[in-house]
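Here's the letter readout for the chains.
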Amino acid sequence: MKLIDPRLSVIEKRLENVKRIIPVASGKGGVGKSIISTLLALLLKEKNYKIGLLDLDLYGPSLHILLNNQHSFPKEEYGLKPVNINNIDFMSIIYFTQNKPLIMRGKELTDTLIELFTITRWNSLDFLIIDMPPGMGEILLDLIRLINRLEFLIVTNSTKIAMETVEKLIIFLKDQNIPIIGLIENMKIGDQDFVKEKCNSLGINYLGKISFYHKLEDYYGDNKEIINSPISEEISQIVNFFV
């Protein structure tokens, strides 16, 4: 007889007051998922939505740097309450690893993911934005297995190398009948329409482009500056597609 992990029912309970769950994914590293996840959370909060932000990049969490929140810790209250950063509920593995390397594989990764969702007590949220790790391994597969209300937001840059991997992720999600909000073309340089044409051929929404900004890193850690930066205006237009 197959035993059912009792934590799975707890996860469903933890997320019952979250209206929409949006993983920001790519399959490819280095395309800007983390900055887009952060800006989406900040912009949706500016529109008076209740927002949660989860850094699920277990090997390389970085959202705490973007949000300039490296010294707080979730409070214990029948589980763990996410850290509140400017009215955004934030959770990350960084609070438990103390920025030390997290070396895991297989069942260890699965158990860590389950435990993170089990112990986190999210408030009532309009959106839970999840910054996904690169690749199409255990974290992606376990998330899909554990949560059935996912709406994926796909990110790529303008290169054919990145789009080659992103296309595989899109095909996989479509084969699994998992909703895809659409694709964002990040760090765009030039006027080529390769990515937009690829979206048309794959049958997914091309949500828009975000230009390459040389000085973007200067805004990291300053939520006020980053929300007023040029990149925010482009992402704000994209946000209007799915709110």
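Above this text sits the structure in question.
Below, the structure is looked at part by part. All values reported here derive from a predicted model rather than from experimental measurement.

To continue, consider the sheet that holds strand β6 (residues 88-92). Strand order in this open sheet of eight strands is β5-β6-β2-β7-β1-β8-β9-β10, and the pairing throughout is mixed. Edge positions in the sheet fall to β5 (83-85) and β10 (206-211), since each of these pairs with one other strand and no more. Taken over all neighbouring pairs, the strand axes of this sheet differ in orientation by 25° on average, direction set aside. In this sheet, strand β7 (residues 125-131) lies alongside strand β1 (residues 18-25) in parallel orientation, the contact comprising six bridges. For Val18, the partnering residue across the bridge sits in β7 and is Leu125.

With that settled, consider the nonpolar core. In terms of nonpolar packing, the biggest core is built from 84 residues, with Leu56, Phe117 and Leu183 touching the most fellow members. Here the element with the most residues in this core is helix α2 (residues 33-46); it accounts for eight residues. Setting aside anything within four residues of it in sequence, one finds Leu183 in contact with Ile154, Thr156, Met163, Val166, Ile170, Val195, Cys199, Ile204, Asn205, Tyr206, Leu207 and Gly208.

Applying the stated criterion to the full structure yields five aromatic pairs. Seen from their ring centres, Tyr49 and Phe127 are 5.3 Å apart, and the 85° between their planes marks the pair as edge-to-face. In this pair, Tyr49 sits in the loop between α2 and β2 (51-55) while Phe127 sits in strand β7, placing the two residues 78 residues apart along the sequence. Since its relative accessible area comes to 3%, Phe127 is described here as buried. Through a chain of ring-to-ring contacts, three or more aromatic side chains come together here, namely Phe73, Phe90, Tyr95 and Phe96. Positioned above the aromatic ring of Phe194, the side-chain terminus of Lys160 is 5.5 Å from the ring centre.

What counts as what
- Residues numbered from 1 in each chain as written.
- Predicted model: local features only at pLDDT ≥ 70, side-chain atom pairs only at ≥ 80, totals over all residues.
- Heavy atoms only, no water.
- Pairing = 2+ DSSP bridges.
- Helix = DSSP H or I, 4+ residues; strand = E, 2+ residues; numbered from the N terminus.
- Axes fitted to C-alpha atoms, helices over the stretch in contact; angles between N-to-C directions.
- Core = buried A, V, L, I, M, F, W, Y, C linked by side-chain atoms within 4.5 Å.
- Buried < 20%, exposed > 50% of the residue type's maximum accessible area, 1.4 Å probe, protein only.
- Contact = heavy atoms within 4.5 Å.
- Phe/Tyr/Trp six-rings, centres within 6.5 Å; stacked < 30°, edge-to-face > 60°.
- Lys NZ or Arg CZ within 6 Å of the ring centre and 35° of its normal.

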